[in-house]
Structures are given as C-alpha cells and as structure tokens.
Amino acid sequence: QVEGEDEVRVLVAERRVITPDGQLLDDFLDPGTVQQVFCAIATQPGRTTTRSQLQQDINNIFATGYFANVEVVPEDTPLGVRITYFVEPNPVLTAVTVRDNQVLPQEVIDDIFGDQVGDILNLVDFQDGILEVNQWYEDNGYVLAQVAAAPQISDEGVVTLVVAEGEIEDITIRFIDADGNTTDEDGEPIRGRTRDFIVTREFATQPGDIFRRDQIERDLQRAFGLGIFDDIRLSLEPGTQDPRKVNVVVNVAERNTGSIAAGLGFNFAGDLFGSASYREDNFGGNNQQIAAEIQANFQDILFDVSFTDPWIGGDPFRTSYTANAFARRSISLVFDGGPTPVTLPNGDRPRVRRLGGGLSFSRPLSDSVTASLGGQYQRVSVRDIGGTINPVDELGGPLTLSDSGVDDLFTVQFGLVRDRRDSRTAPTSGNVLRLTTEQSVPLGSGSIFMNRVRGSYSQFVPVDFLNFSEGPQALAFNVQAGTIVGDLPPYEAFAIGGTNSVRGYEEGAVGSGRNFLQATAEYRFPLFSFVGGALFLDIGSDLGSGGNIPGRPGQVRGKPGGGYGYGAGVRVQTPLGPLRLDYGINDQGENRFHFGIGERF
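Residues numbered from 1 in each chain as written. Predicted model: local features only at pLDDT ≥ 70, side-chain atom pairs only at ≥ 80, totals over all residues. Heavy atoms only, no water.

Would you mind showing me how to read helix α6 (residues 213-224) here?
Over its 12 residues, α6 extends 16 Å from the first C-alpha to the last, a length consistent with the 16 Å expected when each residue adds 1.5 Å. Within α6, the full set of buried residues consists of Q215, I216, D219, L220 and A223. Projected onto a plane normal to the axis of α6, the buried residues spread over an arc of 140 degrees and lie on a single side. Lining the buried residues of α6 we find α5 (196-200), β11 (229-238) and β12 (246-254). (Helix = DSSP H or I, 4+ residues; strand = E, 2+ residues; numbered from the N terminus. Expected span 1.5 Å × (residues − 1). Buried < 20%, exposed > 50% of the residue type's maximum accessible area, 1.4 Å probe, protein only. Arc of directions from axis to C-beta. Contact = heavy atoms within 4.5 Å.)

Would you mind going over the nonpolar core with me for this structure?
General note: in soluble globular proteins, nonpolar side chains tend to be found buried as a group. Among the nonpolar cores identified, the biggest contains 22 residues, and F335, V352 and Y491 are the most heavily contacted of them. Residue assignment for this core shows that the elements contributing at least two residues are β19 (369-383) and β24 (494-496). For Y491, the contacting residues outside a window of four places in its chain are V334, F335, V352, R354, V380, L399, T400, D407 and I448. By size, the runner-up hydrophobic cluster in this structure holds 20 residues, among which are V96, F126, Y137 and V163. (Core = buried A, V, L, I, M, F, W, Y, C linked by side-chain atoms within 4.5 Å.)

Help me understand the sheet that holds strand β10 (residues 168-175) in this model?
The pairing of strands in a sheet happens through backbone hydrogen bonds and is either parallel or antiparallel. Pairing is mixed in the open sheet, where 3 strands are placed in the order β10-β12-β11. At either margin of the open sheet sits one strand with a lone partner, and together these are β10 and β11. This sheet shows a mean twist of 20 degrees between the axes of neighbouring strands, independent of strand direction. The pairing of β11 with β12 spans 9 bridges and is antiparallel. Following the sheet pairing, S235 is matched in β12 by V249. Packing of α6 onto the sheet brings it into contact with β11 and β12, and relative to β11 it is tilted by some 145 degrees. (Pairing = 2+ DSSP bridges. Axes fitted to C-alpha atoms, helices over the stretch in contact; angles between N-to-C directions.)

What is the right way to read the pattern of salt bridges from this model?
Note that side chains of opposite charge can pair when their charged atoms are close. Using the criterion set out here, one finds 36 salt bridges in the structure. Between R82 and E14 there is a salt bridge, with the nearest N and O atoms lying 3.0 Å from each other. Residue R82 is found in strand β5 (residues 80-89), and its partner E14 is found in strand β2 (residues 8-18); the two are separated by 68 residues along the sequence. A relative accessible area of 35% means that E14 is categorised as partly exposed. The shortest N-O distance in the salt bridge between D242 and R244 comes to 3.3 Å. Assessed through its relative accessible area of 16%, D242 is described here as buried. (Salt bridge = Lys/Arg side-chain N within 4 Å of Asp/Glu carboxyl O.)

Help me understand the side chain of E492 in this model?
By the secondary structure assignment, E492 is in the loop between β23 (473-486) and β24. Reaching out from E492, the side chain makes a polar contact with the side chain of R354 at a distance of 2.9 Å. Each residue touching E492, except ones within four places of it in the same chain, is listed here: R354, L409, M450, R452 and I484. (Polar contact = N/O pair within 3.5 Å; in protein donor to acceptor, adjacent residues only side chain to side chain.)

Explanation requested: the side chain of R201 in the structure shown.
Along the polypeptide, R201 turns up in the loop between α5 and α6. With no salt bridge to any partner, buried R201 finds its closest opposite charge in E202, at an N-O distance of 4.6 Å. Polar side-chain contacts of R201 include one of 3.3 Å to the backbone oxygen of W311. (Lys, Arg positive; Asp, Glu negative; His and termini not counted.)

Can you walk me through unusual backbone geometry in this structure?
Residues apart from glycine generally show negative phi values, whereas peptide bonds are mostly found in trans. Positioned with a positive phi, N287 is a non-glycine residue whose angle comes to about 60 degrees. In this structure, N287 sits in the loop between β14 (272-283) and β15 (288-296). One non-glycine residue with positive phi stands out, namely R318, at about 60 degrees. Relative to the helices and strands, R318 is located in the loop between β16 (301-309) and β17 (320-331). Given a relative accessible area of 31%, R318 falls into the partly exposed group.

Would you explain the packing of aromatic side chains in this entry?
Pairs of aromatic rings are described using the distance from one ring centre to the other and the angle between the two planes. One pass over the full model with this rule turns up 15 aromatic pairs. Consider the rings of Y523 and F525, whose centres lie 4.9 Å apart with planes at 35 degrees: the pair is tilted. When its relative accessible area of 8% is taken as the criterion, Y523 is described as buried. A relative accessible area of 10% places F525 in the buried class. An aromatic cluster is built from F283, F307, Y321 and F361, whose rings are joined through pairwise contacts. (Phe/Tyr/Trp six-rings, centres within 6.5 Å; stacked < 30°, edge-to-face > 60°.)

In structure tokens, the structure reads:
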C-alpha cells in the first residue's frame, strides 16, 4: 500500500461485480448495460484506489438506475486487493399503478411507462417518466398536481406512484375593497351585500374537484360577467381539514349597482316632461335587477317597471325570467319620415301609446344555444299630443286595426339564439344566429290574429388589413329578414332605415313593410388606445310589401321602399360599452351622423 498525504491508497489486483448470491451481471443484463455499469466504475486493476474513490464507484453504480443496493468489499491477495461490488438489482418492472388520482387516466401511465415494463426497473428512466406525468398534468391545466412522493416498489416489480392532484376542499367568498384590502379601517372584515351562492353557482368547479386552471378562469369570467363586481381575484390556501388539498378563495370587490335620477326635459316629440328613475342590479344581494322609470307631462303619465331574476333559485337549468309593466308613448317610425309628411287630421304627429305587461323565461340549452318563451299583453292606441285618440290620419288612412283607434294585442313569443362568437362585446371570429316568432291571440278590440317571424345571422372573420394600432381587426357581416302573416296593425310593420338599419337615412325613412330584408358589411379596426374605427355598407328593402299594410303608411309618405348607405365611424370604449358615431351617405346623396351605444350587431 502507498501512504498519501490525505488517505491510504491501495493497489488493485482484481475487480468484479456480482449479486449477493454470486450471479454475474451478464446473467440478467444485456451486454450494453453491463458495459455501462463497468464504465461507471473508476477503479481499475493494476492501479491504486482509495476509500473515497470506492464510495464514488458506489454512487456511480447507483446512478445507472438499475440497482436497489450496492456494497463494496475489499480483500487482500498476494498480488494486491480484490475489489468486489455486491449489487442488488431492481426487480423486473411488471406494472405501474397510481394512488390518490382522480383525473390521471391509467391509459396515460401505461403509455408513458409501457416500454419499460418487462425490463429491469431503471430508476433513472423511471424518473424521466415521472417528469412526463407531471408534464401531462401541466399540459391539461392541473397546475397544482404532481407526483408527491418517491415511488413505492414491491418485490413483484409493481411500482406505485402517489400523486397530489390539488383537490379542492372548499370554495369561499371574501369581500375586498378597491385596493384589495380584506379589512376596513377598524380592522374588521369587509362585508359585502352579494350572497355567496350568487358567485359560487357560476362556478362549474366544485369542492371535491381537481383544481384546473382553464376551468377556474372560465368560472371567474362568468362571475365577473354578472356585472356587479369591479374586480375578482383568486387566492389559494392549504385545506383546513387536509393540507394536501386546497381552499379556493374568491376575492370580490363589489361595484355600486344602484342609481336614482330625476330630471326635466324635452323628448324627441317635443313634449315637456318630468322624469324619475330607479335601478338596482343586485337587488337583495341576489343579482336580481329591478328598474323603474316614470315620466309625467301635462297630458299623460308614462312608466316602465321591470324585474329580472337571471337564475331562478334552485333551478338546475339556469332558467331566468323577466316581468314588466309599462305605459309608453312614442312617435312611430312607421308613421314618420319620408318626403311627404302625413299628419293627424288636426295637424299633429301620431303618437303610439302602449299600456301593458309581460312575462318571459329564458333557458340555456347548451353552451352556445339559449331558448326563450314569453307572453305579453298591450293595449295600443294612437293619439295626438293632448291624448285624444285618432283612428285615422289626415288622408283617412287607418292607424290601428280596429275602427276605434284602440287595439288589444295578446302575443306569445318564442326565441332561439345560437351564439358561437369568441366575444360578446368585441367579436372577431365566430357567428351568432337569432330566430324569433311571435303569435297573437285574437282577443279584445281588433281581434288581431297574426304571426311575425324574424331572423338574424352574423358572421365575424379575423383579418389584418391596416396597422394604425395594435389590436384585433375583423370583417363583420349581418343579414336580417322578417315577415308578418295574417292581420297587421299598421304600427307593427317593419320600419327600415336609420342608426340600427340603413345608415345615411333618417330613422324609418327607407320604408315600412310587411316583409323586410337588410344586410350589412363592416370592417372594424383599432385606431389607438381605446378608440376604434369602422367602414360600413348597409342595404335594406321592404321587398315590395309596403302596399300590403293597411293605409300604406310608407308609400303615402313617399318612402322609397329600398336603399343603401355607406360610410365610416368611430368606436369609443367606455364602461357602458362602445359608444358609436357613424357618418353615413345614402344612395339619394343625403348624409347624416348616427349615434348609438354598442356595435350595430
């Protein structure tokens, strides 16, 4: 032996690697693996070695991944020291199972580890498989899930993986202020008005589920879409009953959902009126909406009261309902506009007054399809500014279906919407289809028996034409059509032209028809920051049906019955939605500005 400065070095005469029962590596490993093991051993016959080097050899043999235990035994011989490495091989891998899993399929495990089954278990290769399992969790949105402990290996070669998948123990609601604080100035928890279940019922994720990032994001979007919160933040805490689980805390900052207003002014008909209004979008903390508005002038009292429950409590189908009552009065577009004014016999403009109420229900049938069903009653009359009923205009044309100037209109409505847009507010791809039918019941004055059918289809196509600013661009197309069969009170005709129809024309100035068809093409693009632009082309027609309305209100007022308009506009994003200002030019050379809230479609 040779004395070194740090530790004793001995001369190696022989080295061998065997199992405790004397089995050679060649008996259970392929030649390439045997060569890999021997290459891992730095100690060589004819050279010296040290205790540290022998320990490193043990580590290197372990690092090959094939052995559960490695020991080294040196023996003196006349020619030097014989080094024997006793290795205990891992068992042959027969199966891989998983414990505590809910979402990880056995098929994934079989696919990852399948090529290792039947061979001696190699812990290095097996660890690579564990990394693949963790990656599967990550790729599928289970961001809290992972293999939680070292694999358990049985003598029969069955390896059991223990996973912690991030099971949700509970979902709780915590109220915060605008700065994210959970307590007020006195150190007390911030109390909110919204009841907890209003938020949690929007969550498809429930206690007992595995935390999944994309699902939680959709849940938060639905909760924020209620419109009663300024902010929603998520935080995670260890489970109180089981620290391996997670508590999901939804932090919500409520917004002011109520408003009261009063005023004095003139309406579009030139009437002086006083008004008062009340609105609450989170009535009783139940996300129910109640709205009331009253207008009073010298001749009439008008009101509009509605109550909406967007999700009837306890209903598993998310059914909503709206009940309303109203007394409304307006200048009808059917009896207004056109180059030939037609007034009442006393020279006043005809005003349509509607008194009634209704009840409607809506229910989603799938993620993209919603159906609605409702009924409504209206007592409709045509009056002058003083409230006097006028059944005919100055030309003797009827303004109502009954000769009395008052109609009773009982209707049942059914609607279907299929919405596949990528966004409800600023879509750039997808489409939306809307179909409605309305059947009247012939009761009361006028005994009206009619059916109205209307459809609308919009398609959105992402494009990249101009580069004024970064942001989404889209081509937007819309086609609408409708028809009325049976009795037709003149005021129920389709009015064509204006801000939400054919721009460049006054409201209702294109025509009034029993049938209609209109189409729009728009190019929508960002200009800068919160301002966007649009180029548009509108076209509309009553399909020659203007003469099929009692009194022919469109034709006698000189409305063309068809036309088109084109132009450009800007969109300003606000908390109320986009404000729209369009400049349109029609086919008769006229031009005008149009103002609206929200996109044209």
